[in-house]
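Notes for the structure review
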Amino acid sequence: MSLKAGIVGLPNVGKSTLFNAITKKNILAANYPFATIDPNVGMVTVPDERLTYLENLYLPKNTVPTTFEFTDIAGLVKGASKGEGLGNKFLSHIRETDAIVEVVRAFDDENITHVEGKTDPIRDIEIINVELILADLEIITNRLEKIIKKAETTKDKEAILEVNTLTKAKTNLEQNIPLRRVEFNEDELACLKSFNFITIKPLIYCANVLEDDMVVGDNSYTQKIKEYASLEGSGVIVMCAKMESELSELSDEDKKTFLNELGITSSGLDKLIFATYNLLGLQTFFTSGADECRAWTFKKGTTAKSCAGLIHSDIERGFIKAEVMSFSDLQTYGSELKVKEAGKLRLEGKDYLMQDGDIVYFRFNV
């Protein structure tokens, strides 16, 4: 399953430093706008203690965690929707993502240039959001010019639905309301899907702070970001991108020791990965045995038969039943045999909706 989140923000807010930490790639992180020209793409491993438990229980030859994709998109500037700062190119990269992580600078540092002169996270957020809204508005306006006449003359139902849906979207965007905050019915959502609008994508804010603020808690900037995000129902992750980049160079044990010394239970990066994973509506099921323990990513609401196809198309095509036990039951009873003896091992059909933490063996015949 190929799903990806795009990291966006103004220049010099810490996007590329964050991306370095996420992917442990040494990409260019420079103190000037447009250090990142082409989108950098990297796979991130989703940390999951459940997979570690399965590995210790089964002692498999191979263990495979679940992953998803992060894309670092070059810094946007005011006027990007009109082509400023190579804006059109960068906006097209955002359209290709499934969710957006908007990095916001929440610290003062005279040694790091701010493209707008000084730190003001709400101004920065609104610059980005306005540019994304303007980009979507341009697409809607151009499309309505072509489709309105057809809808009026032919009375075609699909054309009328498209005009009404795009008009509804346009009205909200003109009021500075991103499409993710607008209620659309199933028909309207289906109509909007082909346009790949940016502002309909789920979004989370990443407040980038100095290392000291990670220890003492929120600063005045992060408080403002959280207040702003709460009004639109978006989440906020507070983290220090510089510290996360340094942590990424440490072993897991040294990283844990360092965080404990600071009194931090989990890294900001882990929190961001989990938050983005949830933002994308992703969940995890497991396959386990002596050969391999593996975590698989699926979209919430996916059937057992479709999940079987994530492993191999033949398993989906020849699907018979799914043997399912929950991770919590395995952890409670300690072994597959005891789970079965307790009557907690289930046989599920093709329409069963997979649940996060399901451990599955697919029966199939081709």
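My aim in this report is to walk through the structure given alongside it, one point at a time. (Residues numbered from 1 in each chain as written. Predicted model: local features only at pLDDT ≥ 70, side-chain atom pairs only at ≥ 80, totals over all residues. Heavy atoms only, no water.)

**Topic: the nonpolar core**
In terms of nonpolar packing, the biggest core is built from 57 residues, with L18 and F70 touching the most fellow members. Broken down by element, this core gets its largest block of residues, six residues, from helix 4 (residues 121-154). Here F70 is in contact with A5, I7, F19, I22, N40, V41, G42, V44, V101 and T276, once residues within four sequence places are set aside. Counting residues in hydrophobic clusters, the runner-up holds 17 residues, among them A151, V163, L166 and A169. (Core = buried A, V, L, I, M, F, W, Y, C linked by side-chain atoms within 4.5 Å. Buried < 20%, exposed > 50% of the residue type's maximum accessible area, 1.4 Å probe, protein only. Helix = DSSP H or I, 4+ residues; strand = E, 2+ residues; numbered from the N terminus. Contact = heavy atoms within 4.5 Å.)

**A closer look at the pairing of strand 8 (residues 282-287)**
Most of strand 8 sits out of view: six of its six residues are buried. Residue alternation in strand 8 divides its side chains into two sets, L282, T284 and F286 and Q283, F285 and T287, and both sets are buried. The pairing of strand 8 with strand 9 (residues 292-299) spans six bridges and is antiparallel. Bridge pairing links T284 to T297 in strand 9. (Pairing = 2+ DSSP bridges.)

**Some thoughts on the sheet that holds strand 7 (residues 235-239)**
The strands making up a sheet are joined through hydrogen bonds of the backbone, oriented either antiparallel or parallel. Taken in spatial order, the six strands make up an open sheet running 2-4-1-5-6-7, and their pairing is mixed. Both edges of this open sheet fall to strand 2 (40-45) and strand 7, since each of them pairs with a single strand only. Going from strand to strand, the sheet's axes swing by 25° on average, the running direction of each strand aside. With four bridges joining them, strand 1 (residues 4-8) and strand 5 (residues 99-105) adopt parallel strand pairing. By the bridge assignment for strand 5, I7 is matched with V101. Sitting on the sheet, helix 11 (residues 268-279) touches strand 1, strand 2, strand 4 (67-72), strand 5, strand 6 (203-208) and strand 7, and the angle it makes with strand 7 is about 160°. (Axes fitted to C-alpha atoms, helices over the stretch in contact; angles between N-to-C directions.)

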